Amino acid sequence: MSNLYTKFVKILEICHKFSDGLVDERGNIHRPGPVPKFSDLEVIALSLAAETEEIDSENWLFNNKINDFIELIPNMISRRQFNDRRKSVSSLCEEIRKRMANEIDGGEDYFCIDSKPIEVCRIARGKRCKMGRLGDFALAPDFGYCASQGSYYYGYKLHALCGLSGVIHSYDLSKASVHDINYLKDIKPIYHDCSIFGDKGYISAEVQLDLFETANIKLECPYRLNQKNWKPTFVPFAKARKRIETLFSQLTDQFMVIRNYAKDTCGLFARIIAKISALTTLQYSNFVNNQPIGQIKYALL
């Protein structure tokens, strides 16, 4: 039997478990009109299963992989329908992912924050790229600079907040030109009475004071060498920082988050949601099986 179908069935069971109150008895979001035979939860499960199998091409998925078990799913939709419906159910997918993350480590008080560049196209083609320019310009990509790689790029910036156990609790996409520290404004209304570890890009005495006074959030950042109060990086802090760096490496190597086939912003956002949700699903599978949640390569097997 196809390994993709096996994962599809297992992920569908997990989606049903965490979709209470979000969908009807058939697994569809409540909406007027005809009831689809291939449910919304099945669309999500197929999308996540494809991501876990490192399949990020819908053409390859429908023309090659699904043919191995098409007789087991008689209500399978077409590639075009799958593309449209995956975008429409991305919010449901994200809500299910949040419930899984809270199930794994909902009581975290210590978090790590970082950002990663998401390139849309080569910088030489940036001015000719049409992504986002035909719709809401606020969602269009932009030129930005990655300090860790020492290079400019055209696209977006993925901001993420994870717990010490290595589970992403919150994330967002912004233009590449937006500074990392602006993401803290989105975190402040959601989190409180906790500590957040960031890199040197989050150093700001004003922001640190504001977070502490308004939400009792303690923002810890390493000192720069030219600062008066410089001191060596605290060893436990450095180890905690590796959590989110490992997550970004897994998203890059296994889920190929930096490889983009989307033609519009909605498609790109839906792909990012699917990749991060697939990562959380594999972590949850290891969690319920009493396995280290970071070893996602062999989860669901």
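Before reading on, note that the structure itself is shown above.
Now for a quick tour of the structure.

In terms of regular secondary structure, the protein chain is built from 9 helices and 6 strands. The C-alpha atoms of the protein chain give 20 Å as radius of gyration, which agrees with the globular expectation for 301 residues (19 Å, within 12%). Per-residue burial over the protein chain gives 50% buried out of 301 residues. About 15,700 Å² of surface is accessible on the protein chain, with carbon and sulfur atoms providing 52% of the total. Between the mean site of the 40 positive side-chain charges and the mean site of the 36 negative ones, the protein chain shows a separation of 7 Å.

Turning next to unusual backbone geometry. At Glu54, a position not held by glycine, the phi torsion is positive, near 60°. Mapped onto the secondary structure, Glu54 falls in the loop between α2 (40–52) and α3 (58–65). Glu54 gets classed as partly exposed once you look at its relative accessible area, which sits at 36%. Of note, the phi angle at Asp193 is positive, near 55°, even though the residue is not glycine. Following the sequence through the fold, Asp193 ends up in the loop between α6 (184–187) and β5 (194–197).

Below, the discussion takes up the state of the cysteines. Scanning all chains against the criterion turns up 0 disulfides. Left unpaired, Cys15 is separated from the closest cysteine sulfur, that of Cys93, by 7.0 Å. No disulfide involves Cys194; its sulfur sits 11 Å from the nearest other cysteine sulfur, which is in Cys112.

Attention now goes to the packing of aromatic side chains. Summed over all chains, the structure comprises 10 aromatic pairs. Geometrically, the ring pair formed by Phe62 and Phe82 is tilted, given 5.4 Å between the ring centres and 55° between the ring planes. Of this pair, Phe62 sits in helix α3 while Phe82 sits in helix α4 (residues 79–88), placing them 20 residues apart in sequence. This pair shows no difference in class: Phe62 is buried, exactly as Phe82 is. Centre to centre, the rings of Phe143 and Tyr154 are 4.7 Å apart; their planes meet at 55°, and the pair counts as tilted. One end of the pair, Phe143, is in strand β2 (residues 142–146); the other, Tyr154, is in strand β3 (residues 151–163), with 11 residues separating them in the sequence. Residue Phe143 is classed as partly exposed on the basis of its relative accessible area of 32%. Of the residues examined, Tyr154 reaches a relative accessible area of 1% and is grouped as buried.

Further remarks concern the environment of Ala101. By secondary structure assignment, the location of Ala101 is in helix α5 (residues 90–105). Taking relative accessible area as the criterion, Ala101 reaches 1% and is therefore assigned buried. The spatial distance from the C-alpha of Ala101 to the C-alpha of His169 is 6.3 Å, given a sequence separation of 68 residues. The residues contacting Ala101, other than those within four sequence positions of it, are Gly106, Val167, Ile168, His169 and Thr280.

This part covers the nonpolar core. Among the nonpolar cores identified, the biggest contains 71 residues, and Leu158 and Leu251 are the most heavily contacted of them. Among residues more than four places away in sequence, those in contact with Leu251 are Leu158, Ile168, Met256, Val257, Lys275, Ile276 and Leu279. Residues Ile187, Leu211, Leu219 and Cys221 belong to the second largest nonpolar core, which totals 16 residues.

Turning to the pairing of strand β6 (residues 217–220), a few remarks are in order. Only one face of β6 is buried: it carries Ile217 and Leu219, and the other face, with Lys218 and Glu220, is open. Pairing of β5 with β6 involves 4 bridges; the strand directions are parallel. Opposite Ile196, over in β6, you have Leu219 as the bridge partner. Chirality of the crossover, the property in question, places the unit of β5, helix α7 (residues 205–215) and β6 among those that are right-handed.

Moving on, we come to the environment of Ala278. For Ala278, the location among the structural elements is in helix α9 (residues 265–288). The exposure class of Ala278 is buried, given its relative accessible area of 0%. For the pair Ala278 and Glu51, spaced 227 residues apart in sequence, the C-alpha separation works out to 6.4 Å. Filtering out sequence-adjacent residues up to four positions away, Ala278 remains in contact with Leu48, Glu51, Thr52 and Phe255.

Conventions used here
- Residues numbered from 1 in each chain as written.
- Predicted model: local features only at pLDDT ≥ 70, side-chain atom pairs only at ≥ 80, totals over all residues.
- Heavy atoms only, no water.
- Helix = DSSP H or I, 4+ residues; strand = E, 2+ residues; numbered from the N terminus.
- Rg over C-alpha atoms; globule rule 2.2 N^0.38 Å.
- Buried < 20%, exposed > 50% of the residue type's maximum accessible area, 1.4 Å probe, protein only.
- Areas by Shrake-Rupley, 256 points an atom, 1.4 Å probe, with all protein chains shown as cover.
- Lys, Arg positive; Asp, Glu negative; His and termini not counted.
- Charge placed at Lys NZ, Arg CZ, Asp CG, Glu CD.
- Disulfide = S-S within 2.5 Å.
- Phe/Tyr/Trp six-rings, centres within 6.5 Å; stacked < 30°, edge-to-face > 60°.
- Contact = heavy atoms within 4.5 Å.
- Core = buried A, V, L, I, M, F, W, Y, C linked by side-chain atoms within 4.5 Å.
- Pairing = 2+ DSSP bridges.
- Right-handed = clockwise from strand over helix to strand, strands pointing away.

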